Amino acid sequence: DQQVKQNSPSLSVQEGRISILNCDYTNSMFDYFLWYKKYPAEGPTFLISISSIKDKNEDGRFTVFLNKSAKHLSLHIVPSQPGDSAVYFCAASERGYGGSQGNLIFGKGTKLSVKP
Amino acid sequence: EPEVTQTPSHQVTQMGQEVILRCVPISNHLYFYWYRQILGQKVEFLVSFYNNEISEKSEIFDDQFSVERPDGSNFTLKIRSTKLEDSAMYFCASTRTASNYGYTFGSGTRLTVV
């Protein structure tokens, strides 16, 4: 049962354009969402997160949008750079009231290729 | 920038053998995790550890698995009797608080069971 789904295994974008990576989830108890980037032979690197009380969070070129009613989130990268080429994982967690620790449920990832 | 260090980077072992994967979390972090990624599949949670005990574990983390923080710096994952299906990348992660504000992952240990 995939609680976190990234339906696009790959995405190719021209340098300078916008990259939009999508993620859907099924568990309505998830209240915290994260995006990680992973290069080959490295561990996932945290990029950006969003709490379920927000619908948008921005950090430089990266913006995450959350649509709770649709159980959908997306990561926008503007402008895309060749160095952004990596696998991007969406992850979700049930932190619960009081910030109790929850494990991360990952999607399968989307491989982004940014072409010069 | 502080890093989570994992050793070895690649471990080959025979089926049925015990393996210990080692991790040195970031020094002021309090919460520790093991995740794994079987080739071509998603990253999966194995176990979380806080205050010298397991706080949560997944169905994957059965009696063949154990974790330990033997001293103030190391965090180990032991697989008692490895199976072919244990072949995967194993990632250690740590975080300072319980806020899930982005774990720091290590580079992983590739475990190959033959």
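Below: a short report on this structure. Remember, it's a predicted structure, so these values are computed and weren't measured experimentally. (Residues numbered from 1 in each chain as written. Chains lettered and ligands numbered in written order. Predicted model: local features only at pLDDT ≥ 70, side-chain atom pairs only at ≥ 80, totals over all residues. Heavy atoms only, no water.)

What follows deals with the sheet that holds strand 3 (residues 19-24) of chain B. Residues and elements named next belong to chain B. If you trace the four strands from one edge of the open sheet to the other, you get 1-3-8-7, paired in antiparallel fashion. Edge positions in the open sheet fall to strand 1 (5-7) and strand 7 (65-68), since each of these has one partner strand only. Going across the sheet, the axis of each strand differs from the next one's by a mean of 20°, ignoring polarity. Looking at chain direction, strand 3 and strand 8 (residues 75-79) are connected through five bridges and run antiparallel. Each residue of the ladder has a partner; that of Val 19, found in strand 8, is Ile 79. (Pairing = 2+ DSSP bridges. Helix = DSSP H or I, 4+ residues; strand = E, 2+ residues; numbered from the N terminus. Axes fitted to C-alpha atoms, helices over the stretch in contact; angles between N-to-C directions.)

So, on to unusual backbone geometry. A cis amide bond links Val 78 of chain A with the next residue in sequence, Pro 79 of chain A, at an omega value of -10°. On the secondary structure map, Pro 79 of chain A appears in the loop between strand 8 (72-77) and strand 9 (86-93). Cis geometry marks the peptide bond from Thr 7 of chain B to Pro 8 of chain B; its omega dihedral reads -10°. Residue Lys 71 of chain A is not a glycine yet carries a positive backbone phi of 50°. Here Lys 71 of chain A lies in the loop between strand 7 (62-67) and strand 8. The partly exposed category is assigned to Lys 71 of chain A, whose relative accessible area is 27%. Look at Asn 52 of chain B: it is not a glycine, yet its phi comes out positive at around 65°. Within the secondary structure layout, Asn 52 of chain B lies in the loop between strand 5 (43-50) and strand 6 (53-57). (Buried < 20%, exposed > 50% of the residue type's maximum accessible area, 1.4 Å probe, protein only.)

By size, the foremost hydrophobic cluster in this structure holds 23 residues, and its most contacted members are Phe 33, Trp 35, Leu 73, Leu 75 and Tyr 88 of chain A. A total of four residues in this core trace back to one element, the largest contributor, which is strand 9 of chain A. The contact partners of Leu 75 of chain A, leaving out residues within four places of it in the chain, are Ser 19, Ile 20, Leu 21, Trp 35, Leu 47, Ile 48, Phe 62, Thr 63 and Tyr 88 of chain A. Membership of the second largest hydrophobic core comes to 22 residues, among which are Ile 26, Val 47, Val 67 and Tyr 90 of chain B. (Core = buried A, V, L, I, M, F, W, Y, C linked by side-chain atoms within 4.5 Å. Contact = heavy atoms within 4.5 Å.)

Within this structure, the stated rule accounts for 21 aromatic pairs over all chains. Consider the rings of Tyr 36 of chain A and Phe 106 of chain A, whose centres lie 5.7 Å apart with planes at 50°: the pair is tilted. Separated by 70 residues along the polypeptide, Tyr 36 of chain A in strand 4 (residues 32-38) and Phe 106 of chain A in strand 10 (residues 105-106) bring together distant segments of the chain. Note on Phe 106 of chain A: relative accessible area 1%, which makes it buried. Between Tyr 36 of chain A and Phe 105 of chain B, the aromatic rings sit 5.4 Å apart at their centres with planes inclined by 85°, giving edge-to-face as the arrangement. Of this pair, Tyr 36 of chain A sits in strand 4 while Phe 105 of chain B is found in strand 10 (residues 104-105), placing the two residues in two different chains. With respect to burial, Tyr 36 of chain A and Phe 105 of chain B carry one shared label: buried. Of the aromatic side chains, those joined through ring pairs into one cluster are Tyr 36, Phe 46, Phe 89 and Phe 106 of chain A together with Tyr 33, Tyr 35, Phe 45, Phe 91, Tyr 103 and Phe 105 of chain B. (Phe/Tyr/Trp six-rings, centres within 6.5 Å; stacked < 30°, edge-to-face > 60°.)

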